[in-house]
Amino acid sequence: MEECLICSRINMIKEGTNKYFVAELETGYVVLGDHQYFEGYTLFLGKEHKRELHELDSGYKQKFLLEMSIAAEAVYKAFKPHKLNYELLGNGDSHMHWHIFPRQLTEPNPAHPVW
């Protein structure tokens, strides 16, 4: 099995070597994105190594979604975007992690998807 990039990043947080670490919540970690093409780009890394939301127990899933929303609200307050974009993909890294993109009207294509 290949090493999980998200698990590696979480291990870096635990070791105190992840320079993008922002906060630890009960179900995940808040980190700034390595590349800030969208200022304030943030990720919420799930603590449990799961691929899909339906793999989480109901109560834990609700807490995970609530905490992702709390992280997104903090991004919104800090960066004052016009809109936030949220993505939970996992096609490349199959460990649940949310992408939170603050979007501004001053971007070259503010109405287009980030990808």
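Quick note: structure is the one above.
Here the structure is a predicted model, which means the values were calculated and not measured.

**With respect to the overall build of the protein**
A count of helices and strands for the protein gives two helices and five strands. Order of helices (α) and strands (β) in the protein, N terminus to C terminus: α-β-β-β-α-β-β. Relative to a compact globule of 115 residues, whose C-alpha radius of gyration would be 13 Å, the protein shows 14 Å and is just as compact. Classification of the 115 residues of the protein by burial places 36% in the buried group. For the protein, the share of sequence-separated contacts (at least 6 apart) that also reach a separation of at least 24 residues comes to 45%.

**As for the sheet that holds strand β4 (residues 83-87)**
Sheet strands line up and pair through hydrogen bonds in the backbone, either parallel or antiparallel. Spatial ordering of the open sheet is given by β1-β2-β3-β5-β4, a layout of five strands whose pairing is antiparallel. Two strands bound the open sheet, and with one partner strand each, they are β1 (21-24) and β4. Within the sheet, the average angular offset between the axes of one strand and its neighbour, ignoring direction, is 20°. Relative to strand β5 (residues 97-103), strand β3 (residues 42-46) runs antiparallel, the two sharing four bridges. Considered in β5, the bridge of Leu43 is made with His99. Those strands touched by helix α1 (residues 5-15) are β1, β2 (28-32), β3 and β5, and its axis lies near 95° from that of β3.

**Comments concerning α1**
Every buried residue of α1 is listed here: Ile6, Ser8, Ile10 and Ile13. Lining the buried residues of α1 we find β1, β2, β3 and β5. Positive backbone phi, at 80°, marks Gly16, one or two positions downstream of α1.

**Observations concerning unusual backbone geometry**
Backbone geometry at Lys80 places phi at a positive 50°, although glycine is not the residue there. Position of Lys80 relative to the elements: it lies in the loop between α2 (58-79) and β4. Judged by its relative accessible area of 60%, Lys80 falls in the exposed class.

Rules used in this analysis
- Throughout this document, residue positions are counted from 1 along each chain, in the order its sequence is written.
- Totals for whole chains, interfaces and linings use all residues, but because this is a predicted model, local features are given only for residues with pLDDT of at least 70 and pairs of side-chain atoms are given and counted only at 80 or more.
- Side-chain numbers come from the whole structure's heavy atoms, not from hydrogens or water.
- For helices the rule is a DSSP run of H or I covering at least 4 residues; for strands it is a run of E covering at least 2, with both sets numbered from the N terminus onward.
- Here the radius of gyration uses the C-alpha set of atoms, whereas the globule reference equals 2.2 Å times the residue count to the power 0.38.
- When a residue's accessible area, from a 1.4 Å probe over protein chains only, is under 20% of the maximum for its type it is buried; when over 50% it is exposed; and in between it is partly exposed.
- Any two residues whose heavy atoms approach within 4.5 Å at even a single point are treated as in contact.
- Two strands are said to pair when DSSP picks up at least two bridges between them.
- Every axis in this analysis is a line fitted to C-alpha atoms, fitted for helices over the stretch in contact. Angles between the N-to-C directions lie between 0 and 180 degrees.

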